[in-house]
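Below, each chain spelled out in residue letters.
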Number of protein chains: 2
Amino acid sequence: MEQWYRTHVDQIEQYLSACFTEDRPWQALYTAMRYSLLGGGKRIRPVLTMEFSRIVGGNPEKALPFAAAIEMIHTYSLTHDDLPSMDNDDLRRGRPTCHIRFDEATAILAGDALQAAAFREVLSADLPEDVRCRAGLILARAAGEDGMVAGQVLDLAGETKPLTAEELEQVHKHKTAALIQAAATLGVIAGGGTEAQIGAASRFAKALGIAFQIRDDILDFEGDVAQLGKPIGSDVESGKTTFVTLYGLDRAKEMLQEQTEAAKAALIGAFDDIDGLLWLSDWLLERKY
Amino acid sequence: MEQWYRTHVDQIEQYLSACFTEDRPWQALYTAMRYSLLGGGKRIRPVLTMEFSRIVGGNPEKALPFAAAIEMIHTYSLTHDDLPSMDNDDLRRGRPTCHIRFDEATAILAGDALQAAAFREVLSADLPEDVRCRAGLILARAAGEDGMVAGQVLDLAGETKPLTAEELEQVHKHKTAALIQAAATLGVIAGGGTEAQIGAASRFAKALGIAFQIRDDILDFEGDVAQLGKPIGSDVESGKTTFVTLYGLDRAKEMLQEQTEAAKAALIGAFDDIDGLLWLSDWLLERKY
């Protein structure tokens, strides 16, 4: 991992570690929220927020509440997706999932509270009111009934029937790409970028989000429990449609390459100083982490 | 029900009925959200938003997105509270609960999406950015880890052990009063009221919220399934601490009276034209609906 990425991650981890630490009668809620939020991961979404804020000339520290909000939304979605009535996963990043470590009610409530906390973070950031308001609205749309939650509904529906190529794209456009797009655009907005830069960041992040999902499908097919922290080939076993089951492994790898190139192309001309983001795109592609 | 209340309710129902009606591939999500959101109820929270907006000189129609947001948060909380791992209720207002009518995953996701939609409503309202931003932040705090969700955590913990008077107050201050306070203050903010009026609305709503909960405990003790849409004396049966089990029925009725008087007192001097809100307080007290 390159130093710039590590620097962003350190700041994000430090910020998140300071959340939900007060002494409260509802300690159990805070404990579960922190358990989910501080469970590791690459922090790619908040890193995008920080880096886009930096490359448009902003101070990344000012973007920290936006970055934290994105990670809180992502974490809540994982916590709920893992529940028995959804994906029913016992492990996440090699640790028991929230409902296994605590119980179902606690996992549901921790997710609910993380979602509200995300909006609290965005709306109380040390940035102008119009910036906070716009960022909050982008986040609400990305997370909500026409964004991430829609994607999870389509994904669950896809477990009981084969999906077409178009349907599979709809799943990932909503389930994965929408929040990654919000992460990138919130960075541009926090840093005071132009409308053209917001558009470019959104295109970059959409392609990266799809690439990210194709990579996940390939890893699931090829991967092992040590790398992903979840059982081998679980998608194939469940009969779920993935980029690999739909297109085959070779074509999926080509598509991963194509999406990654599309992501990188979106940056050119819109921003200076894109070396970090270009490296990041390759890093995701090449699975060197 | 008085005409002014009915007028607000009609506007709110009309506004909510128009939500989540577009034709989408994730129709199932919209259907579940609408099922929960349009399941009736007195709509007391959004009515407070509309009425407080009106009495500080605002146009209640402008406050509709705030009112809708409050009802969406309330609805999501009921949908999640009813889940098997929480209160495990099959009936709500005489109808099957969302997870019974659909399934658990759908109920969790409908709730998640309603929460995001609430913030979308507030942040996209036709009101100045500073008003939207402040309202969104108040809503996030009221709904989140130090507000409504904290109350539900305390409430669930109270099912396995007797609560002290202080603990019971903490439950209802967070679980019920916080969102009712947000409903009232969002109305004042939407209508352009003063800081003193925001404070007075908050005090009114806090007392009303506690009164509301005491009334619920009394109704549960005395009530019948036709009136509440849930089984008789379910709190007593489960050994749960309520105002009635803690203080006895007579004292609980006195406390209900005291809180209602406190609510009414908070209005005097802060607002003109409080007849509607005074009537509302009595209406809740006297159970004439």
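Residues numbered from 1 in each chain as written. Chains lettered and ligands numbered in written order. Predicted model: local features only at pLDDT ≥ 70, side-chain atom pairs only at ≥ 80, totals over all residues. Heavy atoms only, no water.

1. Some details on the overall build of chain A
Just so we agree on the cut-off: Going along the chain from the N terminus, every DSSP run of H or I of four or more residues is numbered as a helix, and every run of E of two or more is numbered as a strand. This radius of gyration counts C-alpha atoms alone. The globule rule is 2.2 Å times how many residues there are, raised to the power 0.38. Only protein chains enter the area calculation, which uses a 1.4 Å probe; residues under 20% of their type maximum are buried, those over 50% are exposed, and those in between are partly exposed. Contacts: residue pairs with any heavy atoms within 4.5 Å of one another. Using the Shrake-Rupley algorithm and a 1.4 Å probe, accessible areas are obtained, with residue cover drawn only from the displayed protein chains. Positive charges come from Lys and Arg, negative ones from Asp and Glu, while His and the chain ends are left out of the count. In plain terms, the charge of a residue is placed at NZ if it is Lys, CZ if Arg, CG if Asp and CD if Glu.
On a plain count of helices and strands, chain A comes out with 15 helices and two strands. On C-alpha atoms alone, chain A measures out to a radius of gyration of 18 Å, which is about the 19 Å that the 2.2 N^0.38 rule sets for 289 residues. Counting over 289 residues, chain A shows a buried share of 58%. Considering only contacts within chain A whose residues lie at least 6 apart along the sequence, 72% involve residues at least 24 apart. Accessible area for chain A stands at about 10900 Å²; split by element, carbon and sulfur atoms hold 49% of it. Side chains of chain A carry 29 positive and 44 negative charges; the gap between the two charge centres is 2 Å.

2. Here we look at the side chain of A:Thr49
Residues and elements named next belong to chain A. The criterion, for reference: Each polar contact in these results corresponds to two N or O atoms within 3.5 Å; when the atoms are within protein, one needs to be able to donate a hydrogen and the other to accept it, and residues that are neighboring in sequence are counted only if both atoms are side-chain atoms.
Mapped onto the elements, Thr-49 comes out in helix α3 (residues 44–55). A distance of 2.9 Å separates the side chain of Thr-49 from the backbone oxygen of Ala-183, its partner in a polar contact. Setting aside residues no more than four positions away along its own chain, Thr-49 makes contact with Ala-63, Phe-66, Ala-67, Ile-70, Ala-183, Leu-186 and Gly-187.

3. Observations concerning a negative patch on the surface
Here is the rule we go by: Residues enter a patch when their relative accessible area is above 30% and they make no salt bridge; the linking distance is 9 Å between like charges and 5 Å between nonpolar side chains (Val, Leu, Ile, Met, Phe, Trp, Tyr). We define a salt bridge as a side-chain nitrogen of Lys or Arg found within 4 Å of a carboxyl oxygen belonging to Asp or Glu.
Together, A:Glu129, A:Asp130, B:Glu129 and B:Asp130 make up a negatively charged patch on the protein surface. When contributions to the negative patch are tallied by element, the ones reaching two or more residues are α7 (129–143) of chain A together with α7 (129–143) of chain B. Structurally, the position occupied by A:Glu129 is in helix α7.

4. A few points about the relation of the copies chain B and chain A
Selection criterion: Copies are brought into register by a least-squares superposition over C-alpha atoms of residues with pLDDT of at least 70 in both.
Rotating chain B by 180° and translating it 0.0 Å along the rotation axis places it on chain A, where the RMSD comes to 0.0 Å. Taken together, the rotation and translation describe the operation of a two-fold axis. For chain B, the minimum C-alpha distance to the rotation axis belongs to B:Cys133 and amounts to 2.6 Å. Comparing interface residues between copies, 100% of those in chain B also sit at the interface in chain A, which points to an isologous, same-surface contact.

5. Thoughts on the pattern of salt bridges
Once their charged atoms are close, side chains differing in charge can pair, the charge on each being opposite to the other. Applying the stated criterion across every chain yields a total of 44 salt bridges over all chains. A salt bridge links A:Glu258 to A:Arg251; the shortest N-O distance between them is 2.9 Å. Take A:Glu258: its relative accessible area is 42%, and that puts it in the partly exposed class. Taking the shortest distance from any N to any O, the salt bridge between B:Arg43 and B:Glu13 comes out at 2.7 Å.

6. Description of the packing of α7(A) against helix α6 (residues 104–123) of chain B
To keep things clear, this is the line we draw: Axis definition: a line fitted to C-alpha atoms, limited for helices to the stretch in contact. Angles are taken between N-to-C directions and run from 0 to 180 degrees. Left-handed describes a crossing in which the near helix is turned anticlockwise from the far one by less than a right angle; the clockwise case is right-handed. Ten residues, namely Ala, Val, Leu, Ile, Met, Phe, Trp, Tyr, Cys and Pro, are considered nonpolar, four, namely Asp, Glu, Lys and Arg, are considered charged, and the remaining ones, Gly among them, are considered polar.
At their nearest, the axes of α7(A) and α6(B) sit 8 Å apart, and the two run at 145° to each other. Here α7(A) runs over α6(B); the crossing is left-handed. Of the residues in α6(B), those in contact with A:Cys133, A:Gly136, A:Leu137, A:Ala140, A:Arg141 and A:Ala143 of α7(A) are B:Ala116, B:Phe119, B:Arg120 and B:Leu123. Of the residues contributing to the contact of α7(A) with α6(B), the split by class is seven nonpolar, one polar and two charged.

7. Overview of the packing of helix α4 (residues 64–81) of chain B against α7(B)
The description of two helices packed together rests on the angle between their axes and the distance between the axes. Residues and elements named next belong to chain B. As a reminder of what qualifies: Angles are sorted into four bins: roughly parallel if under 35 degrees, roughly antiparallel if over 145, roughly perpendicular if 65 to 115, and oblique for all others.
Relative to each other, α4 and α7 sit at 15°, their axes nearing to 12 Å. Considering their axes alone, α4 and α7 lie roughly parallel with respect to each other. The two elements α4 and α7 meet at a crossing, and its hand is right-handed. Along its contact with α4, which presents Phe-66, Ala-69, Ile-70 and Ile-73, the element α7 presents Val-131, Arg-132, Ala-135, Leu-139 and Ala-143.

8. Quick notes on helix α15 (residues 275–286) of chain A
Going by this rule: One less than the residue count of a helix, multiplied by 1.5 Å, gives the span that helix is expected to have.
The terminal C-alpha atoms of α15(A), which comprises 12 residues, lie 16 Å apart, in line with the 16 Å expected from a rise of 1.5 Å per residue. If you check which residues of α15(A) are buried, you get A:Gly276, A:Leu277, A:Leu280, A:Ser281, A:Trp283, A:Leu284 and A:Leu285.

9. Things to note about the environment of A:Glu104
With respect to the secondary-structure elements, A:Glu104 resides in helix α6 (residues 104–123). On the basis of relative accessibility, which here comes to 25%, the residue A:Glu104 falls in the partly exposed class. Between the C-alpha atom of A:Glu104 and that of A:Leu219, which follows or precedes it by 115 residues, the distance is 28 Å. The contacts of A:Glu104, once residues within four sequence positions are left out, are A:Leu83, A:Pro84, A:His99, B:Ser85 and B:Glu104.

10. Some remarks on the interface of chain B and chain A
Quick note on the threshold: Buried area: the accessible area, evaluated with a 1.4 Å probe, that two parts lose upon being put together, summed over both parts.
The partner chain A presents 45 residues to the 45 residues of chain B that form the contact. The contact between chain B and chain A buries some 3800 Å² in all, and 73% of this surface belongs to carbon and sulfur atoms. At the junction of chain B with chain A, the criterion picks out four salt bridges. At the boundary of chain B with chain A, the tally comes to 14 residue pairs in polar contact (both at pLDDT 80 or more). For the side of chain B that touches chain A, the secondary structure elements donating two or more residues are α2 (27–37), α4, α6, α7, α8 (148–157) and α9 (165–191) of chain B. Grouping the constituent residues of the side of chain B that touches chain A by class yields 26 nonpolar, nine polar and 10 charged.

11. Points about the packing of aromatic side chains
As a reminder, the rule being used: In this scheme Phe, Tyr and Trp rings, the latter by its six-membered ring, pair at centre separations within 6.5 Å, and the angle between planes marks the pair as stacked below 30 degrees, edge-to-face above 60, and tilted otherwise. Consider the ring centre and the ring normal. A charge sits over the ring if Lys NZ or Arg CZ is within 6 Å of that centre and within 35 degrees of that normal.
Counted under the stated rule, the structure contains 21 aromatic pairs over all chains. Here the aromatic rings of A:Trp4 and A:Tyr5 are separated by 5.6 Å at their centres, their planes lie at 75°, and the arrangement is edge-to-face. Judged by relative accessible area, which is 0%, A:Tyr5 ranks as buried. A connected cluster of aromatic rings, assembled from ring pairs, spans A:Trp4, A:Tyr5, A:Trp279 and A:Trp283. Here B:Arg95 stacks its cationic end above the ring of B:Tyr35, 3.8 Å away from the centre of that ring. The ring of B:Phe212 has B:Arg215 lying over it, and the distance from NZ or CZ to the ring centre is 4.7 Å.

12. So, the environment of B:Tyr35
Residue and element names in this part refer to chain B. By the secondary structure assignment, Tyr-35 is in helix α2. Taking the relative accessible area as the measure of exposure, Tyr-35 reaches 15% and is therefore buried. Here Tyr-35 is in contact with Arg-95, Pro-96, Thr-97, Cys-98, Arg-101 and Phe-102, once residues within four sequence places are set aside. Within the structure, Tyr-35 has its side chain in polar contact with the backbone oxygen of Pro-96 (distance 2.6 Å).

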